Amino acid sequence: MKHSEMIKLGISIGDLNGIGSEIVLKTFDDPRMLEFCTPVIFANSKTINFLKKHFNLSLHFQGIDEPSKAIDGKINVMNVWKENVKVNFGEEDTRIGDYAFRSLEAATQALKSDEIDVLVTAPINKHTIQSDKFNFPGHTDYLARELNGKSLMFMITDNLKVGLLTDHVALKDIANTITPELIEDKIAIIQQTLKQDFRVEKPKIAVLGINPHSGDNGVIGKEDEEILKPTIQKIRDKGHLVFGPYSADSFFGSKNYQNFDAVVASYHDQGLIPFKTLSFGRGVNFTAGLSKVRTSPDHGTAFEIAGKNEANINSFKEAVFKALEIFKAREEYKELTSNPLKKQGRKI
């Protein structure tokens, strides 16, 4: 990509019966957003026109039949399907789930083929999207397969970043899922993403315990003593700034998280409850560990307010800006690390 070109930002439309379409269209109803990127919405012109009228928006868009035809300074709608779609806000519908998948599939293919530069996903309904083609607990695992990477759910704001050892895993399975290999892999992903995507040269990372009070020296479960502590020490012995395990119940309330570049939670709710409490409406879900940049807002479909013109666009808008920032930081990192001796004019 040439630096003079606008970043092409692909958007999967998510579940049309939820708030995804509202937050997408309201974000780009502000014409100033077109100064930062060229949006490509993977949906259908007829569907977007219906939604535009429903939410009484004034935005102008153009339909295209392939992402490469996207025009800078315009809202581009990539026509993934041709038929009219009946939208019933607030309802779970497997038919709508299929359109959510078709949008995501087309956007992912465009991302893989470099027809778009980054991907921002609107919320899906994890139940209605399930099919033979999509048998995953969420976007993260699907994109990991499609992009051949080891993914990590990384919840981010400017001041707080939380990564997960396990994401959409049932609570009863967590202890058996967390292995030394998994811990090392996930922490390595976080270290790399902090360096290449967030310009942190020497990341300082905190790890939260698996059990209450990090097991209280084995009194409340042995996983922290037998798995977490020795693995953290192994990583530290290699010179990395990784600390813990910390007792999760007091870690955020004491503001200890402010002393670290990132926090690693053992499971979904351990990390996401404090993250969303501290940053709801401003947080972004970033899929770290992949060759491409993907972000999403930190909330779901919100069926209870869908279609009522009440959705808050802040998290989605932040997801757009974070995707652009991360893409630029990664391009800069690649340039700086590709051949540093050559850039200094020295022979290799």
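See the structure printed just above.
Numbers given for residues are sequential positions, taken from 1 along each chain in its written order. Owing to the predicted nature of the model, reporting of local features is limited to residues with pLDDT of at least 70; listing and counting of side-chain atom pairs is limited to 80 or more, with chain, interface and lining totals taken over all residues. Calculation of side-chain values draws on the structure's entire complement of heavy atoms; hydrogens and water are dropped beforehand.

Engineer: I'm lost on the environment of Lys 317 in this one. Help?
Structural biologist: Looking at the element boundaries, Lys 317 is found in helix H10 (residues 314–338). Here's how the labels work: a residue is buried when its accessible area is under 20% of the maximum for its type, exposed when over 50%, partly exposed in between, all with a 1.4 Å probe on protein chains only. With a relative accessible area of 22%, Lys 317 lands in the partly exposed category. C-alpha of Lys 317 to C-alpha of Lys 172: the two residues are 145 residues apart in sequence and 35 Å apart in space. Every residue pair with non-hydrogen atoms within 4.5 Å of one another is taken to be in contact. With residues near it in sequence (within four places) discarded, Lys 317 still touches Thr 27, Asp 30 and Met 33. A run of H or I in DSSP becomes a helix once it reaches four residues, and a run of E becomes a strand once it reaches two; helices and strands are each numbered from the N terminus.

Engineer: How should I be thinking about the nonpolar core in this particular structure?
Structural biologist: Generally speaking, soluble globular proteins have nonpolar side chains that are buried together. One finds Leu 9, Leu 16, Phe 28, Ile 41, Phe 154 and Val 320 to be the most contacted residues of the largest nonpolar core, which totals 69 residues. Aside from chain neighbours lying at most four places away, what touches Leu 9 is Phe 28, Cys 37, Thr 38, Pro 39, Val 40, Val 118, Val 120, Val 320, Ala 323 and Leu 324. Throughout this description, the term nonpolar core refers to a set of buried Ala, Val, Leu, Ile, Met, Phe, Trp, Tyr and Cys residues connected via side-chain atoms within 4.5 Å. By size, the runner-up hydrophobic cluster in this structure holds 22 residues, among which are Met 78, Leu 104, Phe 136 and Tyr 142.

Engineer: Where do I start with unusual backbone geometry in this structure?
Structural biologist: Peptide bonds are mostly trans, and most non-glycine residues show a negative phi. The residue after Gly 244, namely Pro 245, is reached through a cis peptide bond having omega 0°. Within the secondary structure layout, Pro 245 lies in strand S9 (residues 241–246). Its identity is not glycine, yet Arg 199 carries a phi of approximately 60°, on the positive side.

Engineer: Honestly, helix H3 (residues 94–112) in this entry has me stumped. Any pointers?
Structural biologist: Under the 1.5 Å per step criterion, the end-to-end length of H3 is 26 Å for 19 residues, consistent within 8% with the ideal 27 Å. For H3, the set of buried residues is Ile 96, Gly 97, Tyr 99, Ala 100, Phe 101, Ser 103, Leu 104, Ala 107, Thr 108, Ala 110 and Leu 111. Contacts made by the buried residues of H3 are with strand S1 (8–12), strand S2 (38–43), strand S5 (118–121) and helix H4 (139–146). Residue Asp 93 occupies the N-cap position of H3, its side-chain oxygen lying 2.8 Å from the main-chain nitrogen of Arg 95. Two residues or fewer after H3 comes Asp 114, characterised by a positive phi angle close to 65°. Given a helix with a known number of residues, its expected span is that number minus one, times 1.5 Å. Whenever a nitrogen or oxygen atom comes within 3.5 Å of another N or O atom, the pair is scored as a polar contact, on the condition that within protein one atom can donate a hydrogen and the other can accept it, and that pairs from neighbouring residues in sequence are kept only if both atoms are in side chains.

Engineer: How should I be thinking about the pairing of strand S4 (residues 75–79) in this particular structure?
Structural biologist: Side-chain direction in a regular strand flips from residue to residue, so the side chains alternate between the two faces of the sheet. Counting buried positions along S4 gives 4 out of 5 residues, so the element sits mostly inside the fold. The pairing criterion for strands is at least two bridges between them, as found by DSSP. Where S2 and S4 come together, 4 bridges link them in parallel fashion. Its bridge partner being in S4, Phe 42 is matched across the sheet by Met 78. Across 4 bridges, the pairing between strand S3 (residues 61–64) and S4 is parallel. Across the sheet, Gln 62 pairs through a bridge with Asn 76, a residue of S4.

Engineer: Explain the sheet that holds strand S12 (residues 293–297) to me, please; I cannot follow it from the model alone.
Structural biologist: Each strand in a sheet pairs with its neighbour through backbone hydrogen bonds, running either in the same direction (parallel) or in the opposite one (antiparallel). Pairing is mixed in the open sheet, where 12 strands are placed in the order S3-S4-S2-S1-S5-S12-S11-S6-S7-S10-S8-S9. Looking along the sheet, the strands with just one partner apiece sit at the ends: S3 and S9. For this sheet, the mean angle separating the axes of adjacent strands, direction not counted, is 25°. Alignment of strand S7 (residues 161–164) against strand S10 (residues 262–265), held across 3 bridges, turns out to be parallel. Paired with Val 162 across the strands is Val 263, a residue of S10. Here helix H2 (residues 45–54) sits on the sheet and contacts S2, S3 and S4; the angle it forms with S3, its principal contact strand, is near 160°. Sitting on the sheet, H10 touches S1, S5, strand S6 (152–156), strand S11 (284–288) and S12, and the angle it makes with S12 is about 165°. All axes are obtained by fitting lines to C-alpha atoms, using only the stretch in contact for helices, and the reported angles, taken between N-to-C directions, cover 0 to 180 degrees.

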